[in-house]
Amino acid sequence: MTTKTKGRIFSGMRPSGRLHLGNLLGALENWVALQDDYECVYCIVDVHALTTLTDGHEAREIAASVNEIALDWLAAGLDPERSIIFVQSHVPEVMTLHTLLSMVTPLGWLMRVPTFKDRVRQMDETEESVSYGLVGYPVLQTADIILYKADTVPVGADQVAHLEIAREIVRRFNNMFGPTFAEPRAKLTETPLVIGLDGHNKMSKSMDNHIELAATPEETAARLKTAFTDPQRLRRTDPGRPDVCNIYSLHKFFNPDDLKTVYDECTTATRGCVDCKAHLADGINKSLGPLRERRQDLAAHPERLKEILADGAQKASAIAKETILEVRERLGISIP
Ligand code: SF4
C-alpha cells in the first residue's frame, strides 16, 4: 500500500454471496476510485455476518460467500497492490479490540441505534432474544475502523448517523485513556439508488430483484425479461413513460449515449419493451464484459485468490498488532 496524503479509508461488506449491479454502482465503483487518493483498507466482514446467524448451515454459507465477494471485488478493480484487501476473521486482533471497546461503551448507546431496532424487527425477534453479538455490532464496527488507524469512512448521506456511534466510542476511549485514535470522519459519496427488477425496491439479493455481476450474458438477458416496466403500458402501441420505468433508469448507467433515443422511441411507442430490455442487456453485458473475464480468470486460479487474501491479512495484521499493543498499554494490561 503506497502512502497517500488524504488519509486512510476503511470500508467493509458482509459476505452474502455474489455481488450485483446495485453493489457495483452503489459502492464498488466508488471504492475503486478512492484507491487513487487514499490508503484503502477493504475488509470482508465475515464476523459481522455471524451476528445474525440462525443455524450452522448459514455459517457454512457465509464461509463460501467470502470467496465469491473477493472475486467480485478484485474483478471490479480493487487492487491488492494498492489496497489492503482481507477477511475480517483472518486478523483476530479485531475481536480483542471489540472486547476492550465494549468496556467503555454504555449499553444504552447500542440499544438506541436505529439499525439495531430494524435488525431485531427484520429477524422477527425481540431485543431480549437477539444475540449479545448483534447488540455489540456497532462496537465491532468501530473496532474494524480504528484497529487499522483509519480516519475516513465512505458513506452515503443516509448513513452518516451510523458513524456517529463510532465517533462517540472513540471520544470516550480517548477521554478515559488519553488520545489514541482519530475520530473517524465520513466521506460523503454519491450513491445512486439502483432499483431492482421489481421496479419498486432497492436492488438486493434478499428481494431476488437483482442481476449478479457474474451472471452470463444469457442469464442477464433472461433476468431482464422478467423486469417490471411502465405498469400503464399494456400494449406495444401504448406510448410509454420512461420516467417511471426502471429499465430506462438502468439505461442511464449502461447505455448513457442512447438515452435520448430510448426516451423518444418509448414515448412515441416506436420501441417495444422486449426490444428495450434486449438493448439494456447488450449494454450491461458489454459494460461488464471485462469484469466478468477477470472474474473467470481469477476463479480458475483459486490459489492466487488465497494468496491475495493471505497477503492482505498479513499487511492488516501488522497494523493491528501495533494498535493492540498501544491499547493494552493504555489500559494497563500489557503483557510483561
Ligand atoms: S420501452 Fe423501455 S423505457 Fe419504455 S416502458 Fe418499455 S422498457 Fe420502459
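For every chain, the first residue of its written sequence is number 1, and the numbers climb from 1 along that sequence. In view of the model being predicted, local features appear only for residues whose pLDDT reaches at least 70, and side-chain atom pairs are presented and counted only at 80 or more, with totals across whole chains, interfaces and linings using the full set of residues.

A.B. asks: Before we go on, may I ask you to explain helix α9 (residues 160–177) in this structure?
C.D. replies: Counting along an α-helix, one turn takes 3.6 residues, and residues three or four places apart therefore face a common direction. Secondary structure elements are defined from DSSP: runs of H or I of at least 4 residues count as helices, runs of E of at least 2 residues count as strands, and each element is numbered from the N terminus. Take the residue count of a helix, subtract one, and multiply by 1.5 Å to get its expected span. In a regular helix each residue adds 1.5 Å, so 18 residues correspond to 26 Å; α9 covers 26 Å between its end C-alpha atoms and thus fits that length. Put simply, a residue is buried when 20 or more other C-beta atoms lie within 10 Å of its own C-beta and exposed when 12 or fewer do; between those, it is partly exposed, and each C-beta is set from the backbone. Taken as a whole, α9 has its buried residues at L163, I165, A166, I169, V170 and F173. The buried residues of α9 occupy an angular sector of 150 degrees when projected down its axis, which confines them to one face. Next to the buried residues of α9 lie α4 (93–102), α5 (107–111), α8 (137–147), β4 (152–155) and β5 (185–188). Once α9 ends, the next one or two residues include G178, with phi positive near 100 degrees. To obtain the arc, one takes the directions from the helix axis to the C-beta atoms. Whether two residues are in contact is decided by their C-beta atoms, placed from the backbone, lying within 7 Å.

A.B. asks: How should I be thinking about the packing of α4 against helix α14 (residues 302–331) in this particular structure?
C.D. replies: Angle between the axes and distance between the axes are the two parameters that describe a pair of packed helices. Running from N to C, α4 and α14 point in directions that differ by 25 degrees, and their axes come no closer than 10 Å. In this view, α4 runs roughly parallel relative to α14, as classed from their interaxial angle. In this structure, α4 crosses over α14, and the sense of that crossing is left-handed. Of the residues in α14, those touching α4 at E93, V94, T96, L97 and L100 are A320, K321, I324, V327 and L331. Axis angles are defined between N-to-C directions and span 0 to 180 degrees, where every axis is a line fitted to C-alpha atoms and, for a helix, only to the segment in contact. When an angle is under 35 degrees it counts as roughly parallel; over 145 it counts as roughly antiparallel; between 65 and 115 it counts as roughly perpendicular; any other value is oblique. Handedness of a crossing is defined here by the sense of rotation of the near helix relative to the far one, left-handed for an anticlockwise turn of less than a right angle and right-handed for a clockwise turn.

A.B. asks: How should I be thinking about the domain arrangement of the protein chain in this particular structure?
C.D. replies: Many descriptions give the size of an interface as the accessible area lost when the pieces come together. Taken domain by domain, the protein chain holds domain 1 (8–194 + 302–331) and domain 2 (217–295). Where each domain begins and ends follows an automated or database-derived domain assignment. On a C-alpha basis, the centroid separation for the pair domain 1 and domain 2 is 35 Å. Listed per partner, the contact involves 5 residues of domain 1 and 4 residues of domain 2. If you tally residues by element for the side of domain 1 that touches domain 2, the top one is helix α3 (residues 56–76), at 4 residues.

A.B. asks: Sorry, what's going on with the nonpolar core here?
C.D. replies: Soluble globular proteins tend to pack their nonpolar side chains together in the buried interior. In these notes, a nonpolar core means any group of buried Ala, Val, Leu, Ile, Met, Phe, Trp, Tyr and Cys residues linked to one another through C-beta atoms within 7 Å. One finds V41, Y42, A70, W73, F86, A143 and A316 to be the most contacted residues of the largest nonpolar core, which totals 78 residues. Counting residues per element, this core draws most heavily on α3, at 9 residues. Both domain 1 (8–194 + 302–331) and domain 2 (217–295) contribute no fewer than three residues apiece to this core. Not counting the four nearest positions on each side in its chain, A70 is found in contact with I44, L305 and L309.

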